[in-house]
Amino acid sequence: MEQERITLAPMTDEMYHRYLKEYDNDPDLYLPGQPYEHYVYSPERAERYIERQKQLNRIPLAILMRGEIVGEIVIKSIEPKTSASFGIALKNAQYKDRGIGTQAERLAIRCIFDELDIPTILADTVRSNTRSRHILEKLGFMQIHEDENFLYYRLDRKDA
């Protein structure tokens, strides 16, 4: 089965509202014992989320497939010329297991290394999220640390 082509684009406020209207929380991102809650859209909740991204000086990117927003990647913890990290969320479960996350993360890595000229990318994942662990390791990230709930990874440009 051929994978559909994924692109990344800067996430606008209007795009965020469209995305969040169809978003649902991913149960794989919850810590063990943490109760799962469905995401409920409201314009006010979306605006708070958008404002938080801006206040934290993050770079939100829409994951697009055939022009539809199917997820987001947020480049965060940016230390110019040193390091950054990223997080990914797909809109809902129908987009899992289709290679979308892998393609999007590969594009985000290129953006961080080439466009932002940052030599080190850090990532983390909930220990129980085997899908995320598999993708990070497939893309060359090396596990550097772990604690009770999370695994921590690193990818250096020279090793990519």
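Bear in mind the structure is a predicted one, so any value in this text is a computation, not a measurement.

Q: I'd love a proper account of the pattern of salt bridges, names of residues and values included.
A: Taken as a whole and assessed by the stated rule, the structure comprises 12 salt bridges. Two residues, R157 and D117, come together in a salt bridge whose shortest N-O distance is 3.1 Å. Taken together, the residues span a long stretch of sequence, with R157 in the segment after β7 (150-156) and D117 in the loop between α3 (100-115) and β5 (120-126) at a distance of 40 residues. Given the relative accessible area of 30%, R157 is considered partly exposed. Judged by its relative accessible area of 31%, D117 is partly exposed. For the salt bridge of D159 with K158, the shortest nitrogen-to-oxygen distance reads 3.4 Å. For the residue pair D159 and K158, the accessibility class agrees, reading exposed in each case. Residues joined in a network through salt bridges with shared partners are E22, E68 and K91.

Reading the values: the criteria
- Sequence order as written defines residue numbering, which begins from 1 separately in each chain.
- Where totals are concerned, whole chains, interfaces and linings use all residues; where local detail is concerned, this predicted model gives features only for residues with pLDDT of at least 70, and gives and counts side-chain atom pairs only at 80 or more.
- In computing side-chain properties, one takes all heavy atoms of the structure into account and sets aside hydrogens as well as water.
- We define a salt bridge as a contact between a side-chain nitrogen of Lys or Arg and a carboxyl oxygen of Asp or Glu at a distance within 4 Å.
- Here a strand is any run of E in DSSP of at least two residues, a helix any run of H or I of at least four, and the numbering for each starts at the N terminus.
- Each residue is placed in one exposure class: buried if its accessible area under a 1.4 Å probe, protein chains only, is under 20% of its type's maximum, exposed if it is over 50%, and partly exposed if it falls in between.

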